[in-house]
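In case you want the letters, here they are:
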Amino acid sequence: MTLFRDDGIVLRTQKLGEADRIITLLTRRQGRVRAVARGIRRTKSKFGARLEPFSHVDVEFFARGGELIGRGLPLCTQVETITAYGSGIVTDYARYTAGTTMLETAERFTEHEGEPALQQYLLLVGGLRTLSGAEHDPRLVLDAFLLRSLAVNGYAPSFEACAQCGMPGPNRFFSVVSGGVVCGQCRVPGSVVPSAESLELLGALLAGDWERADSAEDRYCREGSGIVAAYLQWHLERGLRSLRFVENGAALNRSRL
Amino acid sequence: MYEGVVQDLIDELGRLPGVGPKSAQRIAFHILQADPADVRRLTHVLAEVKDKVRFCTVCGNVAQAERCRVCQDPRRDPAVICVVEEPKDVVAIERTREFRGRYHILGGAISPIEGVGPDDLRIRELLARLADGTVTELILATDPNLEGEATATYLARMVKPMGLKVTRLASGLPVGGDLEYADEVTLGRAFEGRRLLDV
């Protein structure tokens, strides 16, 4: 019978029984946590809209044993909103689809419940803040988040020096299997030759150089997104469900322009 | 294990949602002890529900004929369509007796994380209904949660070129609650949508 307190981002909610939900959060100290919010679906619930996906919240958990993860799911007892990013994201379909992909990626990279993932958490908070502030193209925000998630989990791709022998760049060939760009000597079958501008864009996104990223042309953004998606799916081993809807959203936006 | 048909009944009941093995056993023995007429009525309804119930070809609600009762009713205003996620939302709105238009059931909400996209919902059918120009107002009554809001945003953007009036159900404070316990998002919405008190 222990109370825990932590702040986190709501990644996903699932219905449970008559009026409850299982909330999946990425927390600052405990990593990914699943907890039950009792009665949350009733209109007069004390939780209200606080535990919707994209919300950054301060939560108190009640766990049966001495540890948060272990004996059954903990209960959410009190919730305070820190920032509700959802309201800035849901008003735009492209932002919504990019945002859900960010949540799914964060969930997939934190495989083990209760294992701290501070860097992934900080990255997600920053990513959602940028996305809801509508400062940049949602697709670019998503790609930057995906690249940096790969980096904090130890899969950073190389866009300058050869990923195999370290020959200083720029290198022309990109190989998902080798972990980034490769030189003429190290290239393996299945390598692609993206345009230099796309590789430059991806490098800028990984490094956080928004000035350069924002000025990139649309076709290089599209090529870059394709490379990021292929690289991410290779390392996650399973495809992301929400990623294909992002592409639809982007296509729709383009057709309107 | 019980003999033959009793165990079969328990197994079948146990496949229903929310019914575990113990509840299934309890229901099975209740049926065994019940009046034969009651049981016959139950089996009759069960058989009938699968035979007779269809989905309305216009709005997608459950119906006994090709079209549901609301779509058949000439007194219902064909110029207003209320878009909801599930048939049970229609029942909830009908209980208010406020709405005299017709419905459109989407069959869910857009949720990329669950793999549900716009093509999995009855959005194409909705656009087809709007095409002939009789509809002047579209009320978006999807759930007031994140997926519902996203679906409403998506629909609003899709029908914008058609130039009809698109409205969204208001959100705010539940009647009979305390202001103190309202969450920031809901209270913020209530402020946004406050109205003039005409006395």
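Reading the values: the criteria
- Residues numbered from 1 in each chain as written.
- Chains lettered and ligands numbered in written order.
- Predicted model: local features only at pLDDT ≥ 70, side-chain atom pairs only at ≥ 80, totals over all residues.
- Heavy atoms only, no water.
- Buried < 20%, exposed > 50% of the residue type's maximum accessible area, 1.4 Å probe, protein only.
- Helix = DSSP H or I, 4+ residues; strand = E, 2+ residues; numbered from the N terminus.
- Pairing = 2+ DSSP bridges.
- Contact = heavy atoms within 4.5 Å.
- Buried area = accessible area lost by both parts, 1.4 Å probe.
- Salt bridge = Lys/Arg side-chain N within 4 Å of Asp/Glu carboxyl O.
- pLDDT = per-residue confidence, 0-100.
- Expected span 1.5 Å × (residues − 1).
- Domains from an automatic or database assignment.
- Right-handed = clockwise from strand over helix to strand, strands pointing away.

Draft legend 1. Seen up close, the pairing of strand β3 (residues 31–37) of chain A. Residues and elements named next belong to chain A. The buried fraction of β3 amounts to 6 of the 7 residues, a majority that puts the element mostly inside the structure. The sheet contact formed by strand β2 (residues 20–27) and β3 spans 7 bridges and is antiparallel. Counted as the bridge partner of Ile23 is Ala35 from β3. What sits between β2 and β3 in their antiparallel hairpin is a turn of 3 residues.

Draft legend 2. Spotlight on the interface of chain A and chain B. Each partner contributes residues to the interface: chain A has 35 residues there, and chain B has 26 residues. Carbon and sulfur atoms supply 60% of the area buried between chain A and chain B, which totals about 2,400 Å² over both sides. One can count 2 salt bridges joining chain A with chain B. With its nearest N and O atoms 3.4 Å apart, the salt bridge here joins Glu184 of chain B to Arg50 of chain A.

Draft legend 3. Quick look at the side chain of Arg21 of chain A. Residue position: Arg21 of chain A is located in strand β2. Excluding residues that lie within four positions of it along the chain, Arg21 of chain A makes contacts with Thr13, Gln14, Lys15, Leu16, Ala35, Val36, Ala37, Ile40, Arg41 and Glu52 of chain A together with Asn145 of chain B.

Draft legend 4. The confidence of the model for chain B, seen in detail. Looking at chain B, the pLDDT average stands at 91 and 100% of residues meet or exceed 70. Mean pLDDT across the elements of chain B bottoms out in helix α8 (residues 184–192) of chain B (87) and peaks in strand β4 (residues 101–105) of chain B (96).

Draft legend 5. The arrangement of helix α5 (residues 196–207) of chain A in detail. Residue and element names in this part refer to chain A. Taking 1.5 Å per residue as the helical rise, α5 with its 12 residues ought to reach 16 Å, and the 17 Å between its terminal C-alpha atoms agrees with that figure. Here the buried face of α5 lies against α4 (138–152), β6 (173–175), β7 (180–182), α6 (210–214) and α7 (218–236). Looking one or two residues beyond α5, the residue adopting positive phi is Gly208, at roughly 85 degrees.

Draft legend 6. Region of interest: the domain arrangement of chain B. Domain boundaries assigned for chain B yield domain 1 (4–52), domain 2 (75–168) and domain 3 (171–199). Here domain 1 of chain B and domain 3 of chain B have C-alpha centroids that lie 46 Å from each other.

Draft legend 7. Looking closely at the pairing of strand β6 (residues 165–168) of chain B. Residues and elements named next belong to chain B. One ladder, built from 4 bridges, connects strand β5 (residues 137–140) with β6; its direction is parallel. Across the sheet, the residue bridging to Leu138 is Val166, located in β6. Traced from β5 through helix α7 (residues 146–159) to β6, the parallel crossover comes out right-handed.

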